[in-house]
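Remarks on the overall topology
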Amino acid sequence: MNEPSSWVLRHAGYIPEGSDVLDLACGTGRHARLFLMSGHYVTALDKNTAALSDLDNHPGTEIILADLEDGSPFPLSNKKFGGIIVTNYLYRPLLPLLPELLLPNGVLIYETFMVGNEKFGRPKSPNFLLKPQELLDEYYSRLRVQSYEETTIPEPNPAVVQRICAVNSA
Ligand SMILES: C[S@@+](CC[C@H](N)C(=O)[O-])C[C@H]1O[C@@H](n2cnc3c(N)ncnc32)[C@H](O)[C@@H]1O
């Protein structure tokens, strides 16, 4: 699971060179690390940042310890990013906020589980499973969609995912 997602790898090059990248609900920071290696300044946010302690003093990193679901104001509303990465995390109230955080030509790369994943295991709750076309139709239709898929992936574990790469071309 510490390897970057193939979807993120495939679309990372759309993110403007040298721009600030947000890894939201970053976990161990597999994508934060990917973008640090390619010369981006990275903001890595999670409610548990213990796995990021090796990046504490890294000059290109801001680590934010925050609970995105506790009702407090979204901690990043004053910042804009050239790239936003969200993988394997879904909290629907955040979805409409993400385009507001993109700079012009900024890129959203989002990949998480969708309905159908129940047959493989967790997550099984509808709260954590996207509906068909949900990212495309309900949240990001005003962005320029570069790629979109609903598919079963074999690795790291079989899972049904929905994934999008979309650009703020407004
Ligand atoms: C399945 S992991 C995915 C981690 C990372 N995005 C990746 O794909 O490697 C889900 C992450 O969401 C974080 N998370 C869950 N609820 C959260 C919340 N309320 N606020 C902030 N982060 C949260 C967890 O701590 C965990 O790191």
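Reading the values: rules and limits
Residues numbered from 1 in each chain as written. Predicted model: local features only at pLDDT ≥ 70, side-chain atom pairs only at ≥ 80, totals over all residues. Heavy atoms only, no water. Core = buried A, V, L, I, M, F, W, Y, C linked by side-chain atoms within 4.5 Å. Buried < 20%, exposed > 50% of the residue type's maximum accessible area, 1.4 Å probe, protein only. Helix = DSSP H or I, 4+ residues; strand = E, 2+ residues; numbered from the N terminus. Contact = heavy atoms within 4.5 Å. Salt bridge = Lys/Arg side-chain N within 4 Å of Asp/Glu carboxyl O.

**Quick word on the nonpolar core**
The biggest cluster of nonpolar side chains holds 31 residues, and the ones touching the most others in it are L24, I84, L95, L98, L108, Y110 and Y140. Where this core is concerned, the elements lending two or more residues are β1 (20-24), β4 (81-87), β5 (102-113), α3 (134-139) and β7 (159-167). Those residues in contact with L24, other than ones at most four positions away along the chain, are L45, L68, F74, I85, V86, L94 and L98. Listed in part, the 19 residues of the second largest apolar core include W7, L34, L55 and V167.

**Focus on the pattern of salt bridges**
Under the definition given, this model contains eight salt bridges. R10 serves as the salt-bridge partner of E149, at 3.3 Å between the closest nitrogen and oxygen. With a gap of 139 residues between them, E149 in strand β6 (residues 144-153) and R10 in helix α1 (residues 6-11) connect regions that are remote in the sequence. The class of E149 is partly exposed, set by a relative accessible area of 24%.

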